[in-house]
Amino acid sequence: MTPPEIPETLETLRRVFGYDAFRDGQREIIDHVVGGGDALVLMPTGGGKSLCYQIPALVRKGTGVVISPLIALMQDQVDALRTAGVRAGFLNSTQDIDERRVVEAEFAAGELDLLYLAPERLRLGATVELLDRGDVSLFAIDEAHCVSQWGHDFRPDYLMLSGLHERWPDVPRIALTATATEATRREIAARLRLEDARHFVASFDRPNIQYRIEPKTDAKRQLLRLLQTEHKGDAGIVYCLSRNSVEKHAAFLTENGIEALPYHAGLDARTRAANQARFLREDGLVIVATIAFGMGIDKPDVRFVAHLDLPKSVEGYYQETGRAGRDGLPSTAWLAYGLQDVVNLRKMIDGGEGDAAHRRRQAQHLDAMLALCETVECRRVRLLDYFGQSGEPCGNCDTCLNPPETWDATVAAQKVLSVIVRLDRERRQKFGAGHIIDILLGKKSAKVIQFDHDSLKPFGVGADLREAEWRGVIRQLLAQGLVAVESDHGTLVQTDASGDVLRGERKVMMRREPERAATKAAKTAKAAKAPIDLPEEAVPVFERLRAWRAATAKEQGVPAYVIFHDATLREIATALPSSLAELGRVNGVGENKLAKYGEQVLETLAAPE
Ligand code: ADP
Ligand code: ZN
């Protein structure tokens, strides 16, 4: 009996990329495109979009043309493919004319499997002529949300991509994005003329990422504790809203023995590129960045993404956290947020540009983000729900691991509101959270005395809660829309819904600040991490392999992960293959890498301790 035939796509996955099986959704997409169909693919960051066009490009006759805005990353992408034995090249503005000529000649001669193009090149008549000279097997439009007017990455060049279909009607097109809401998807389909394409919406779950959101008390210390106790020596990204905060935190981490590089728009282009390159190439570096960092970064071993400021939307948060753990190993998405974040963002929206509709949309985004922060349900269930998908409580987020309590905060809410109302009615005054808390606590601060606020009726009615708890109460009142921030000074005012609470017609439930939650969650996190952590005896082997990889990567001028992913090195360190055949069975060891590095890996394994 002849064994069942392995389809060409699966054979390619195994031989070229060294992976055993397709991930959720990949096979259907690949089969569809191999068959010549158009596709619109929605997959979370790290879900495995690249293979969805790379394998069809390898299987179909001709060259797959990939349109990508990520010029700075093309070299790395092409290096990674070449290391796997794929004939890849790119054309963009970073090359000189001779380099471009070589690639153009290769393409025209049919010697490329994949050609990466910056979108603006399609504006050039010469590029269109070039494509006509060769044989295009498919067009892949990466980061397809760049065509969307509402996305922050909008690129006018992307609008021209709607013309691909008219010019090359027989070439299948596959557009890919991690931006998932229904509205964005419809807009992408319309603008790229992909209405008739098949839409593939993968699960947005990233089970290996542990989501944790905690109240901000001392952001620096909290971050340091996370890195020192759970992510020693790990690569990770720390996001901050401002450049100033980026610089401050990068310096702070470095002072504390954690090598951290800053990344923000205020740095000159060369420093920025150098820091990004080091982060990609070296093991275990931390990058502290504004949200401008990370689009298209495919470093697989980012072990944590930490947010020190509240993201403006769930979509942004999910894209940013999605940069953790592309290799499928346990990773942490950690966010600290506090009252001041809510005040700042509300102020930013109210005082920002754009019309009322735009501000309303931003406010809705923020509300959804706040609801995620304050939920007592599974974070993952809430996240998936936001993307229109359902899920079960995951057991791998802070609220699952350490369920928060809810408490009836109606009376506390009434106390806060009564201070706000009396200041307004009796004194025609408005104040920020800090002063309102002083009044609640009965603190005779200089300001209290100056304004004679100790004679207000509610002065001191809040002695039952501590200051931190009052901050939590006010934060949650803001999140629930029961208190509002007035622009400019961050003063607090009533909302339309406040009256119901004051009159006792509306109950207010709140999340109890879990005091020991952070440490408890941290412990559980470690326990959850243990099963895939290396057995003790494999650690030195793993370290030897890492050192070999670092030296090899340096020699070849490519990022370490281009040689082998951490996940592959771990598997080698535990399986200890003794022959090339055994090594070839390890996940992530394809034919080409086996031929290129196999002997060296076996030698490294055999080397004396
Ligand atoms: P995306 O572009 O969707 O963010 P990538 O295409 O960069 O994600 O893939 C994320 C990671 O998953 C990469 O490191 C890739 O090598 C790996 N990967 C993708 N598909 C598979 C698979 N079928 N088996 C194992 N690893 C995979
Ligand atoms: Zn959960």
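Residues numbered from 1 in each chain as written. Chains lettered and ligands numbered in written order. Predicted model: local features only at pLDDT ≥ 70, side-chain atom pairs only at ≥ 80, totals over all residues. Heavy atoms only, no water.

Looking now at the overall build of the protein chain. If you tally the helices and strands in the protein chain, you get 28 helices and 17 strands. Taken over C-alpha atoms, the radius of gyration comes to 27 Å for the protein chain, in line with the 25 Å a tight globule of 609 residues would show. C-alpha atoms of the protein chain, sized along the principal axes, occupy 90 × 60 × 55 Å. Looking at the protein chain residue by residue over its 609 residues, the buried ones come to 54%. Pairs at least 24 residues apart make up 72% of the contacts formed inside the protein chain by residues separated by at least 6 positions. When the accessible area of the protein chain is evaluated, it comes to approximately 26,900 Å², of which 49% is carbon and sulfur surface. Measuring between centres, the 79 positive side-chain charges of the protein chain sit 5 Å from its 87 negative side-chain charges. (Helix = DSSP H or I, 4+ residues; strand = E, 2+ residues; numbered from the N terminus. Rg over C-alpha atoms; globule rule 2.2 N^0.38 Å. Buried < 20%, exposed > 50% of the residue type's maximum accessible area, 1.4 Å probe, protein only. Contact = heavy atoms within 4.5 Å. Areas by Shrake-Rupley, 256 points an atom, 1.4 Å probe, with all protein chains shown as cover. Lys, Arg positive; Asp, Glu negative; His and termini not counted. Charge placed at Lys NZ, Arg CZ, Asp CG, Glu CD.)

We now examine the sheet that holds strand β2 (residues 63-67). The seven strands are arranged β3-β4-β2-β5-β6-β1-β7 in an open sheet whose pairing can be described as parallel. Of all strands in the sheet, those bounded by a partner on one side alone are β3 (88-91) and β7 (198-201). For this sheet the average axis-to-axis angle between neighbouring strands, irrespective of direction, equals 20°. Alignment of β2 against strand β5 (residues 136-141), held across five bridges, turns out to be parallel. When the sheet's bridge partners are listed, Val65 is paired in β5 with Phe139. Across the sheet, helix α4 (residues 71-83) is in contact with β3 and β4 (114-117); its angle to β3 comes to roughly 165°. Each of β2, β3, β4 and β5 touches helix α5 (residues 97-108); the most contacted strand, β3, lies at about 130° to it. (Pairing = 2+ DSSP bridges. Axes fitted to C-alpha atoms, helices over the stretch in contact; angles between N-to-C directions.)

Take the coordination of the zinc ion (ligand 2) next. Only Cys378 (SG), Cys394 (SG), Cys397 (SG) and Cys400 (SG) from the protein reach the zinc ion (ligand 2) as donors, at distances of 2.3 to 2.4 Å. Its relative accessible area of 26% is what places Cys394 among the partly exposed residues. (Donors = N, O, S within 2.8 Å, 3.2 Å for Na, K, Ca; no water.)

For ligand 1, the set of nearby residues contains 16 residues, the closest of which are Tyr19, Gly46, Lys49, Ser50 and Arg326. At 2.6 Å from an oxygen atom of ligand 1 is found a main-chain nitrogen or oxygen belonging to Gly46. For ligand 1, the protein covers 85% of the area, taking 570 Å² as the surface of the free molecule. Of the residues contributing to the shell around ligand 1, the split by class is six nonpolar, seven polar and three charged. (Near = heavy atom within 4 Å. Polar contact = N/O pair within 3.5 Å; in protein donor to acceptor, adjacent residues only side chain to side chain. Nonpolar A, V, L, I, M, F, W, Y, C, P; charged D, E, K, R; others polar.)

Attention shifts here to empty space enclosed by the protein. Scanning all chains against the criterion turns up two cavities of 30 Å³ or more. Volume-wise, the largest cavity comes out at about 40 Å³. What lines the largest cavity is a set of 10 residues, among which Ile213, Pro215, Tyr337, Cys373 and Arg511 lie closest to the centre. The element that contributes the greatest number of residues to the lining of the largest cavity is strand β8 (residues 209-215), accounting for three residues. When its residues are assigned to classes, the lining of the largest cavity shows four nonpolar, no polar and six charged. Here the second largest cavity defines a volume of roughly 30 Å³. Looking at the lining of the second largest cavity, its residues break down into five nonpolar, one polar and two charged. (1 Å grid on protein atoms, 1.4 Å probe; cavity = no way out; pocket = protein on both sides within 12 Å on 5 of 7 lines; lining within 4 Å. Points joined across faces, edges and corners; volume = space filled by probe spheres on them.)

So, about the sheet that holds strand β13 (residues 331-337). Reading across the sheet, the six strands line up as β8-β13-β12-β9-β11-β10 and stay open at both edges, with parallel pairing between neighbours. Every other strand in the sheet has two partners, leaving β8 and β10 (260-263) as the edge strands with one partner each. For this sheet the average axis-to-axis angle between neighbouring strands, irrespective of direction, equals 15°. Pairing of strand β9 (residues 235-239) with strand β11 (residues 286-289) involves four bridges; the strand directions are parallel. Paired with Ile237 across the two strands is Ile287, which belongs to β11.

Mean pLDDT for the protein chain: 90, with 94% of residues reaching 70 or above. Per-residue pLDDT stays below 50 along residues 516-532; that stretch engages in 20 contacts with residues further than four places along the chain or on separate chains. (pLDDT = per-residue confidence, 0-100.)

The next point concerns the environment of Thr217. Assignment of secondary structure puts Thr217 in the loop between β8 and α10 (219-230). Each C-alpha atom of the pair Thr217 and Glu230 lies 19 Å from the other, and the pair is 13 residues apart in sequence.

What follows is about the environment of Ala39. Relative to the assigned elements, Ala39 resides in strand β1 (residues 39-42). Taking the C-alpha atoms as reference points, Ala39 and Leu383, separated by 344 residues in sequence, lie 25 Å from one another. Beyond its immediate stretch of four places on either side in the chain, Ala39 contacts His32, Val33, Arg173, Ile174, Ala175, Leu194, Ala197, Arg198 and Phe200.

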